[in-house]
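Fold and contact review
Listed below are the residues making up each chain.
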Amino acid sequence: GRGYALKLPVLDIAEVGAGGGSLATADRLGTITVGPRSAGAVPGPACYGAGGSQATVTDANVVLGYVNPSAIAGGRIRIHADLARRAIESDVAASLGLSVRDAAHGVFGVAVASMTRAVKAVTTFRGRDPRDFVLVAFGGNGPIFGTALAESLGIRRVIVPAAAGVFSALGLIEAEARWHAARSVFERAGRLDGAGLRTAFRALETGLVEELRAGGDLAGGDPIVEWSADVRYADQGYELAVAVERDGPDHAFVGRIVDAFHAAHARTYGHASERDEVEVVNVRVTTRLPRGAPLARTTEEGPAAATSRPVWFGPAHGERDVPIVRRRDLRSPLVGPLLVDELDTTTVVPPGWRASLDDQHSIVLEGVA
């Protein structure tokens, strides 16, 4: 309860400790736990053969066949499947009386459940139906878990972008630069004048653009300007950000902000109190510069090293000898089960899913069962 509450522009991210290095254990009650402790990059999962001996999510994926049991990263990192099996046996299977592969599938399932809770934290718990969305799976492990996570949420479409394993790094390089300016208002909507409020927005915009021009940031062209407002019901302790249209008559300016707030409140919390008074807390202006051409995105390297490998999909589908393809092979849609082995990740396409390529060279996974 100490300290000061600071309201600053931030990214709203729900995180969960279920990465490839997350440690997997089983307790005396027969409960499998994944994370939050991690083997980290050093020594890493047991299968790396770098000194790690505790079971991790990556070791489970090696046992299941999702991760290449010989080598990853184009052959640069050797994988020791025997060490992965030994770790899963000692840390999970032995105390549960399970086979190694069933224990590994249990670890996989617990990791999926943890990820599901994280997605629900920003969808279901906020009045959004995850079935209305497309799941984007990236990172080294994301494309392995993508379809399983989607099935748990009722999502029928998954996108695996090109260079998925380094997608976050590419995002940082290619992200648009943004500048923010805000001014406190703290006034009830009924007392606000549309022309005066619009003037406040324009003053912020002018000051922000002049600051960018003085700093030489506008050499690449004019910025894209967006207006928004932090709005709440009178005497509430929190507010919602709503987009504000810059055009339109002054007499309807405040009313459109109020209408947008009611709609946002209903969308977020499932209800709106349209008869209650509304307060405008802050007005905000954001400028961003159009980004340049995207970087080339490919992590493919030559033909696949193997044509297939055994994969355990759990009791529902059992073990299958699964074809291994390259991303470019999906120009014609293929139906799972299949694996897409790449330099930076593996995409698992289980039975009941179809894989194809879109115009951005992204893998599009769609449920067909």
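A short tour of the structure in this document, coming up. Position labels on residues start from 1 in each chain and follow its written sequence. Residue-level local features of this predicted model are given only where pLDDT is at least 70; pairs of side-chain atoms are given and counted only at 80 or more, and the full residue set underlies all totals for whole chains, interfaces and linings. Side-chain numbers come from the whole structure's heavy atoms, not from hydrogens or water.

**A closer look at the overall build of the chain**
Condition: Secondary structure counts use DSSP, requiring at least four H or I residues in a row for a helix and at least two E residues in a row for a strand, with both numbered from the N terminus. Working definition: with a 1.4 Å probe on protein chains only, accessible area under 20% of the residue-type maximum means buried, over 50% means exposed, and in between means partly exposed. Whether two residues are in contact is decided by their heavy atoms: any pair within 4.5 Å suffices. Throughout, the Shrake-Rupley method with a 1.4 Å probe supplies accessible areas, and for residues the shown protein chains are the sole cover considered. When charges are counted, Lys and Arg contribute as positive and Asp and Glu as negative, whereas His and the chain ends are disregarded. For this purpose, a charge sits on NZ of Lys, CZ of Arg, CG of Asp or CD of Glu.
Counting its regular elements, the chain contains 7 helices and 17 strands. Counting only C-alpha atoms, the chain reaches 70 × 50 × 40 Å along its principal axes. Within the span of the chain, comprising 369 residues, buried residues form 44% of the whole. For the chain, contacts bridging at least 24 residues in sequence account for 62% of all contacts bridging at least 6. A total of about 19400 Å² of accessible surface is found on the chain, and carbon and sulfur atoms cover 52% of it. Within the chain, the 43 negative side-chain charges are centred at a point lying 3 Å from the centre of the 39 positive side-chain charges.

**Thoughts on the packing of helix H6 (residues 194-214) against helix H7 (residues 253-269)**
In a packed pair of helices, the relevant descriptors are the angle between the two axes and the axis-to-axis distance. To keep things clear, this is the line we draw: To get an axis, a line is fitted to the C-alpha atoms, and for a helix only the part in contact is used. The angle between two axes follows their N-to-C directions and goes from 0 to 180 degrees. An angle below 35 degrees is read as roughly parallel, one above 145 as roughly antiparallel, one from 65 to 115 as roughly perpendicular, and any other as oblique. Note on residue categories: nonpolar means Ala, Val, Leu, Ile, Met, Phe, Trp, Tyr, Cys or Pro, charged means Asp, Glu, Lys or Arg, and polar means any other residue, Gly included.
Direction vectors running N to C along H6 and H7 enclose 75 degrees, while the axes themselves pass 7 Å from each other. Between H6 and H7, the angle is such that the two are roughly perpendicular. Side by side, H6 and H7 meet where Gly194, Leu197, Arg198 and Phe201 of the first sit next to Phe253, Val254 and Ile257 of the second. Partitioning the contact of H6 with H7 into residue classes produces 5 nonpolar, 1 polar and 1 charged.

**Digging into the side chain of Thr58**
Selection criterion: Any pair of N or O atoms that falls within 3.5 Å is considered a polar contact. Within protein, one atom must be able to donate a hydrogen and the other to accept it, and sequence-neighbouring residues count only if both atoms are side-chain atoms.
Tracing the backbone through its elements, the reader meets Thr58 in helix H1 (residues 57-64). Assessed through its relative accessible area of 11%, Thr58 is described here as buried. A distance of 2.9 Å separates a polar atom in the side chain of Thr58 from the backbone oxygen of Gly20. Apart from the residues within four sequence positions on either side, Thr58 is in contact with Gly20, Gly21, Pro45, Cys47, Tyr48 and Asn141.

**Notes on a nonpolar patch on the surface**
To keep things clear, this is the line we draw: Nonpolar side chains (Val, Leu, Ile, Met, Phe, Trp, Tyr) are joined into patches within 5 Å and like charges within 9 Å, using only residues with over 30% relative accessible area and no salt bridge. A carboxyl oxygen of Asp or Glu within 4 Å of a side-chain nitrogen of Lys or Arg is what we treat as a salt bridge.
A cluster of nonpolar side chains, Tyr4, Leu6, Leu8 and Val10, forms an exposed patch at the surface whose accessible area comes to about 580 Å². Residue position: Val10 is located in the segment before strand E1 (22-26). Classification of Val10 by relative accessible area gives exposed; the value is 70%.

**Describing the pairing of strand E12 (residues 319-325)**
Going by this rule: Pairing between strands is defined by DSSP: at least two bridges between them are needed.
Looking at chain direction, strand E11 (residues 308-312) and E12 are connected through 5 bridges and run antiparallel. Within E12, the position partnered with Trp312 by the bridge is Glu319. Between E11 and E12, which pair antiparallel in sequence order, lie 6 residues; one of them, Gly314, sits at a positive phi of approximately 90 degrees. Judged from the 2 bridges that link them, E12 and strand E14 (residues 338-341) form a sheet pairing that is parallel. Across the sheet, residue Val325 finds its bridge partner in E14, namely Val340.

**Here we look at helix H3 (residues 100-121)**
Each turn of an α-helix holds 3.6 residues, which means side chains three or four residues apart point in the same direction. In plain terms, the rule: Every helix has an expected span of 1.5 Å times one less than the residues it contains.
Under the 1.5 Å per step criterion, the end-to-end length of H3 is 32 Å for 22 residues, consistent within 8% with the ideal 32 Å. What H3 keeps buried is the set Ala103, Ala104, Val107, Phe108, Ala111, Val112, Ser114, Met115, Thr116, Ala118 and Val119. In the core, the buried residues of H3 are packed alongside E1, strand E2 (32-38), H1, helix H2 (81-96) and helix H4 (142-153).

**Observations concerning the nonpolar core**
In plain terms, the rule: As used here, the term nonpolar core means buried Ala, Val, Leu, Ile, Met, Phe, Trp, Tyr and Cys residues forming a set that is joined through side-chain atoms within 4.5 Å.
Within the largest apolar cluster, 58 residues are counted, with the highest numbers of intra-cluster contacts made by Val34, Tyr66, Val107, Phe145, Ile363 and Leu365. For this core, the leading source of residues is H3, giving 8 residues. Contacts of Phe145, omitting those with residues within four sequence positions, involve Val57, Asn61, Phe108, Ala111, Val112 and Met115. Ala181, Phe201, Val225 and Val278 belong to the second largest nonpolar core, which has 24 residues in total.

**What to know about the sheet that holds E14**
Taken together, 4 strands build an open sheet; the order of strands is E11-E12-E14-E15 and the sheet is mixed. Two strands lie at the open edges of the sheet, namely E11 and strand E15 (346-349), each paired on one side alone. Strand after strand, the sheet turns through a mean of 30 degrees between neighbouring axes, direction not considered.

**Some remarks on H2**
Which entries qualify depends on this criterion: Consider a residue and the seven residues that end there alongside the seven that start there; fitting an axis to each set, the bend is the angle between those axes.
With 16 residues, H2 should reach 22 Å at 1.5 Å per residue; the first-to-last C-alpha distance of 21 Å fits that figure. If you look at H2, its biggest bend is around 50 degrees, right at Glu89. All of the buried residues along H2 are Ala81, Ala84, Ala87, Ile88, Val92 and Ala93. On the buried face of H2, the contacting elements are E1, E2, H1 and H3. In the segment just after H2, Gly97 is the residue with positive phi, at about 70 degrees.

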